[in-house]
Amino acid sequence: MATVLALETSCDESAAAIVSDQTVLASAVASQVEEHALWGGVVPEIASRRHVEALPALIDQVCVESGVAMADLDAIAATAAPGLVGALLVASVTGRTLARLHGKPFLGVHHLEGHLCSVQLGEPLPAGPYLVLLVSGGHTELVRVDAPGRYRGLGRSHDDAAGEAFDKVARLLGLGYPGGPAIELAARAGDANRFALPKGRVSRPEGGFYPYDFSFSGLKTAMLRQVRALEVSADGGGASLPLADLAASFERVVAEVLVERSCRCALDQGLGTLVLVGGVAANRRLRDLLELRCRRDGLQWRVAPLAYCTDNAAMVGVAAAERFRAGATSPCDLGVAPRLPLEQAHRLYEPQACF
Ligand code: KG4
Ligand code: ZN
């Protein structure tokens, strides 16, 4: 068993948690969204400053709530990649300093490996390789997991990530930031079939389409055109935009495209289980549609618990505990890597720091 203090500051949530393998002993998140909402998106400089201010109190909080003292920990972990460089540095430097002070091993964690592990905070996974649909503000990926730490990317977005599309369309509709929860709320009262919108495909140079890849830029443009057309037709009439129907139609198309391509990929690859994680996995329509289609296609499914879909440190702790039990630790001078791909997560545990 491994008891780990984990820290997360890769974007706009400061978070600390103490986990014992897959059991959360305490988890605390301080969100900065209200401040970034004033700017319509994350301002990296502000994010770093707020992490510096928030992290010490969050660490105190999880130690008190869990009753775990520094001396009781097996290891200290921090997200080291990918993310905003200044933001990543806050958890990394704090984690490495605490590890030095208390004589504990340190582990840098790949943020996406954290998201992948978030599903273990719910039901246990069935045995065997599985397919993960990871949908967040920065990533839309289909990842085959053969064993812990062994990943193969099978699909991805060629432009915006799914969460980014939610955020941009919410801005277009004047619904605020972050866009995912705002669109979900507006969509509740809407007719999801009112507007026909495109399910973007990515062409292959040799003809045809990549079957498991995504593109959200055409959908974004179609939303913009639809809004402009409605504005023109409403001109002089004083009618306001049908926000609920626009939000619901957009949400439906994103959910359908994500689920259809994921199920297709799982079936084609002979993978019996589909796992949904990441901030966008908090979306109720997406969760429900995934369950419906998996039932129909004879696939098993797992969805990250709602509380651990958006960024948190508990998922980082689970990933670190798994690596630590397998014998991995990071060098104490490990830096941060803003763009490290998931397939290279093992580089965080090489004896010599490579970044
Ligand atoms: O995983 P996450 O917290 O941060 C990243 O690693 O990027 O994901 C944040 C993204 C944002 O784009 C946000 O709009 C989206 O997840 N999101 C949602 C919902 N809650 C958060 N998208 C759709 N529906 C939601 N309920
Ligand atoms: Zn994330």
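Residues numbered from 1 in each chain as written. Chains lettered and ligands numbered in written order. Predicted model: local features only at pLDDT ≥ 70, side-chain atom pairs only at ≥ 80, totals over all residues. Heavy atoms only, no water.

Caption draft 1: Representation of the state of the cysteines. For the structure shown, the criterion picks out 0 disulfides. Summary of cysteine pairing: C332 is not part of a disulfide, and the nearest cysteine sulfur, belonging to C354, is at 14 Å. (Disulfide = S-S within 2.5 Å.)

Caption draft 2: Examining the domain arrangement of the protein chain more closely. Each assigned domain of the protein chain is listed here: domain 1 (3-116 + 309-349) and domain 2 (127-303). Spacing between the C-alpha centres of domain 1 and domain 2 amounts to 28 Å. Joining domain 1 to domain 2, the criterion identifies 0 salt bridges. Scanning the region where domain 1 abuts domain 2 turns up 5 residue pairs in polar contact (both at pLDDT 80 or more). Partitioned by chemical class, the residues of the side of domain 1 that touches domain 2 number 8 nonpolar, 5 polar and 5 charged. (Domains from an automatic or database assignment. Salt bridge = Lys/Arg side-chain N within 4 Å of Asp/Glu carboxyl O. Polar contact = N/O pair within 3.5 Å; in protein donor to acceptor, adjacent residues only side chain to side chain. Nonpolar A, V, L, I, M, F, W, Y, C, P; charged D, E, K, R; others polar.)

Caption draft 3: Quick peek at the pairing of strand β10 (residues 300-303). One ladder, built from 4 bridges, connects strand β9 (residues 273-277) with β10; its direction is parallel. Residue pairing across strands places T273 opposite Q300, the latter belonging to β10. Between β9 and its parallel partner β10, the chain crosses via helix α9 (residues 284-297), and the hand of that crossover is right-handed. (Pairing = 2+ DSSP bridges. Helix = DSSP H or I, 4+ residues; strand = E, 2+ residues; numbered from the N terminus. Right-handed = clockwise from strand over helix to strand, strands pointing away.)

Caption draft 4: Spatial organisation of the sheet that holds strand β7 (residues 140-147). One open sheet accounts for 5 strands, arranged β8-β7-β6-β9-β10; its pairing is mixed. The two strands at the open ends of the sheet, each matched to only one other strand, are β8 (150-156) and β10. On average, adjacent strands in this sheet sit at an angle of 25° to one another, irrespective of strand direction. (Axes fitted to C-alpha atoms, helices over the stretch in contact; angles between N-to-C directions.)

Caption draft 5: Region of the structure containing the sheet that holds strand β1 (residues 3-8). Taken together, the 5 strands give an open sheet; going across it, the order is β3-β2-β1-β4-β5, and neighbouring strands pair in mixed fashion. Looking at which strands have only one partner, the edges of the open sheet turn out to be β3 (23-31) and β5 (106-110). Taking each pair of neighbouring strands and ignoring which way they run, the sheet shows an average axis angle of 20°. In the sheet, β1 pairs with strand β2 (residues 13-20) via 6 bridges, with the strands oriented antiparallel.

Caption draft 6: How the structure looks around the packing of helix α5 (residues 162-172) against helix α6 (residues 179-187). Packing of α5 against α6 leaves a shortest axis separation of 7 Å and a crossing angle of 60°. Crossing hand, α5 versus α6: left-handed. In contact with F166, D167, V169 and A170 of α5, α6 contributes G179, G180 and I183. Its residues assigned to classes, the contact of α5 with α6 comprises 4 nonpolar, 2 polar and 1 charged. (Left-handed = near helix turned anticlockwise from the far one by under 90°. Contact = heavy atoms within 4.5 Å.)

Caption draft 7: Local environment of helix α2 (residues 44-66). With 23 residues, α2 extends 31 Å from end C-alpha to end C-alpha; this agrees with the ideal 33 Å at 1.5 Å per step. The largest bend in α2 comes to about 35°, at A54, with the proline P56 one to four residues further on. Listed as buried for α2 are I46, A47, S48, H51, A54, L55, L58, I59, V62, C63 and S66. Among the residues trailing α2, G67 stands out with phi positive, at a value near 70°. (Expected span 1.5 Å × (residues − 1). Bend = angle between axes of the 7 residues up to and from the residue. Buried < 20%, exposed > 50% of the residue type's maximum accessible area, 1.4 Å probe, protein only.)

Caption draft 8: Molecular detail of the site of ligand 1. What surrounds ligand 1 is a group of 19 residues, the closest being G137, D167, G180, E184 and D311. Interatomic distance of 3.1 Å between a backbone N/O atom of G163 and an oxygen atom of ligand 1. Taking N283, its side chain carries an N or O atom lying 3.1 Å from a nitrogen atom of ligand 1. For ligand 1, whose free accessible area comes to 560 Å², the fraction covered by protein is 89%. (Near = heavy atom within 4 Å. Areas by Shrake-Rupley, 256 points an atom, 1.4 Å probe, with all protein chains shown as cover.)

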